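Analysis of the macromolecular model
Each chain is listed here by its residues.
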Amino acid sequence: MTTEHDHIPSPDSPAPDGSMPDSHAPESSVAMASRPPWVTDELIARWCTWVPRDATRPGSDSAEPVTAVAPFDLAPIAAVPACTPQDVTAAVAGARADQPEWAGTPLRRRADVVLAFHDLLLERQDQVIDLIQWETGKARYHAWQEVAQVAAIARHYARRARHYLAPHPVRGMVPGLTKVKEVRVPKGVVGVISPWNYPLYLGVGDVLPALLAGNAVISKADSQTALTMLWTRALMAEAGLPADLWQIVAGPGAVVGTALVDAVDFVCFTGSTATGRTVAERAARRLIGASLELGGKNPLIVRADADVAAAAAGTVVAAFANTGHMCIHIERVYVHEKVYDVFRAELVRATQALRLGRSYDYSADIGSLTSAAQLAAVEAHVDGAVAKGATVLAGGHARPDIGPLFYEPTVLEGVTPEMAVCDEETFGPVLSLYVYGADSEAVGLANQGTYGLSASIWSKDSREAGRMAARIRAGSVNINDGATAAAGSIEAGMGGVGESGLGRRHGAEGIRKYTESQTVATQRLLPLGPPKPGQSAVESFVRRTNGQLALLRRLRVR
């Protein structure tokens, strides 16, 4: 099992002709040092102590430290200790030993810890934003969005967990005599396997509701972004969370991720569909639950009545935010033939206006790709499409003059089914434009493929757009927004259908999935069944009960 990518050498060829003008790269970014100056070796060593690794355990020498490279300059980031399967087993055992006491802690005290974390996160956000940028290469605004989303999740669940987890009384077998309630009990130890593209939001946003529900958590940090996770764990300790209740294990996914799935009571996984299948299969063999948010090839529809300028601006955000490293980002755009030419011109203009840069400030709109492997995947999709007849309307080139892994936001036209970019997830700053004639055709095109994560419809007629949304196979449909409206609405569930996954994060399911439903039934006064043994007593009981059932039917009770 693997959740991270291998790094391959980056191309170092000069920028090709026709690339985005140099004015679109902030001047301050070119000579910038990659490592944030406040990050010292001493700090890194302190964060790494949160990795539960026992160097004295037999076989520990076989676990080589994990060293990621910084996307801005391909310099090594830091050597993070890697865990062995035995380390993972020991971490789960420690978490399991402490979890009952945490589950018995009043919910208000658990919420106090999460709210204290919320306050510390906002207070020290510049530090974690720097780390996110250093490890992922994304633009600073997109790193800040992770802070804002995690703060919203912390605040929401700290305030609403009591409501989501409250006992639910239901009618018993015999009204008035049988008192029944459904209660929520923690799963026990939850495993969270998170990806590199949103190390704070996806790495921590799923941990908070699991902790509030009374679980202990073991997180598998992606090897590219381990420092962000370890910094956050240290912050949570300051907020008052005991050490063994949330532990961060590090190392190759095939080793550490597998050991984690084999030991915990529930798995929350975010990543590729291929790896998600492996996680689901392994969890199924143990008969434990799994929540999976996987890939997507998300469509956006521009209806004939849409505000074209707003739709173009929204498409640029939905397609190129986070450098396209976003499971819900838009990769397919279907535009009504009546507004296609106007929309295309507006979209190209807005795309070409985006500023690429690798600065630790808010001057850049788009940052770097995170790995050489991802750059190669983007180039393969674009170059392969062009070789088979597609047209590049904007972008289409790597930008080594800005940084080794930069690629221009790209708009393609004339994409056909034999091109890989048509159906395969690119997971980069590339979108394809298509034209359609009728709304029914647009719905059919949007539903093509095996994914079903997110979709978008732009229209001045929100009622008609809503009717179209009901026919689109996707976990979320945004109307007059690309993706943010649904993802940012923390009270609503977020997840996919088909090969985009199982389960939901956010909302009620985002915390209840970390619990088991337990029915507690109390019988009062009379027993359920004949009052005494014997044939006549049993026959009398059956007759009376049959009469009662018929009466309840006539009274329309249940």
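So, here is what we can say about the structure in this document. (Residues numbered from 1 in each chain as written. Predicted model: local features only at pLDDT ≥ 70, side-chain atom pairs only at ≥ 80, totals over all residues. Heavy atoms only, no water.)

**A look at the pairing of strand S5 (residues 189-193)**
Rules: Relative accessible area decides the class of each residue, using a 1.4 Å probe on protein chains only: under 20% of the type maximum gives buried, over 50% gives exposed, and in between gives partly exposed. In this text, helices come from DSSP runs of H or I with a minimum length of four residues, and strands from runs of E with a minimum of two, each type numbered from the N-terminal end. Strand pairing is assigned whenever DSSP identifies at least 2 bridges connecting the two strands.
For S5, a buried count of five out of five residues is recorded, marking the element as mostly surrounded by other parts of the structure. Alternating positions in S5 separate into two faces, Val189, Gly191 and Ile193 on one and Val190 and Val192 on the other, with burial throughout. Two strands pair when backbone bridges link them, and S5 and strand S6 (residues 216-220) are joined in this way by five bridges, in the parallel orientation. Directly across from Gly191, in S6, lies its bridge partner Ile218. As defined by bridge partners, S5 adjoins strand S8 (residues 266-270) across four bridges and the pair is classed as parallel. Looking at S8, one finds that Val192 is bridged to Cys268.

**Here's the deal with the layout of surface pockets**
Threshold: Any residue with an atom within 4 Å of a point lines the site, the site being either a cavity, points on a 1 Å grid over the protein atoms alone where a 1.4 Å probe fits but cannot get out, or a pocket, an open set with protein on both sides within 12 Å along at least 5 of 7 lines. Grid points are joined across faces, edges and corners, and a volume is the space filled by probe spheres set on the points. When residue character is reported, Ala, Val, Leu, Ile, Met, Phe, Trp, Tyr, Cys and Pro are called nonpolar, Asp, Glu, Lys and Arg charged, and the others, Gly included, polar.
Considering only enclosed or pocket space, the largest pocket measures out at about 660 Å³ in volume. Considering the residues around the largest pocket, the lining is formed by 33 residues, among which Gln145, Tyr198, Ala321, Met326 and Thr484 are closest to the centre. Mapped onto the lining of the largest pocket, the elements with two or more residues apiece are helix H5 (140-165), helix H6 (201-204), helix H11 (308-320) and helix H17 (484-487). The greatest single-element share of the lining of the largest pocket, amounting to six residues, is contributed by H5. Residue composition of the lining of the largest pocket, grouped by class: 21 nonpolar, eight polar and four charged.

**Quick notes on the sheet that holds strand S17 (residues 501-502)**
Here is the rule: By the convention used here, residues are in contact when the closest approach between their heavy atoms is within 4.5 Å. Helix axes are fitted to C-alpha atoms over the stretch in contact, other axes to C-alpha atoms as well, and angles between N-to-C directions run from 0 to 180 degrees.
Strands sit in the order S7-S6-S5-S8-S9-S17 across an open sheet of six strands; the sheet is mixed. Every other strand in the sheet has two partners, leaving strand S7 (246-249) and S17 as the edge strands with one partner each. Pairing of S6 with S7, which is carried by four bridges, proceeds in the parallel orientation. Bridging across to S7, Ile218 finds its partner in Gln247. Of the strands in this sheet, S6 and S7 are in contact with helix H8 (residues 226-239), which crosses S7 at around 160 degrees.

**As for helix H19 (residues 535-554)**
Condition: Given the number of residues in a helix, its expected span is that number minus one, multiplied by 1.5 Å.
Here H19 spans 29 Å end to end across 20 residues, near enough to the 28 Å set by a 1.5 Å rise per residue. Positive phi appears at Arg556, one or two residues downstream of H19, with a value of about 60 degrees.

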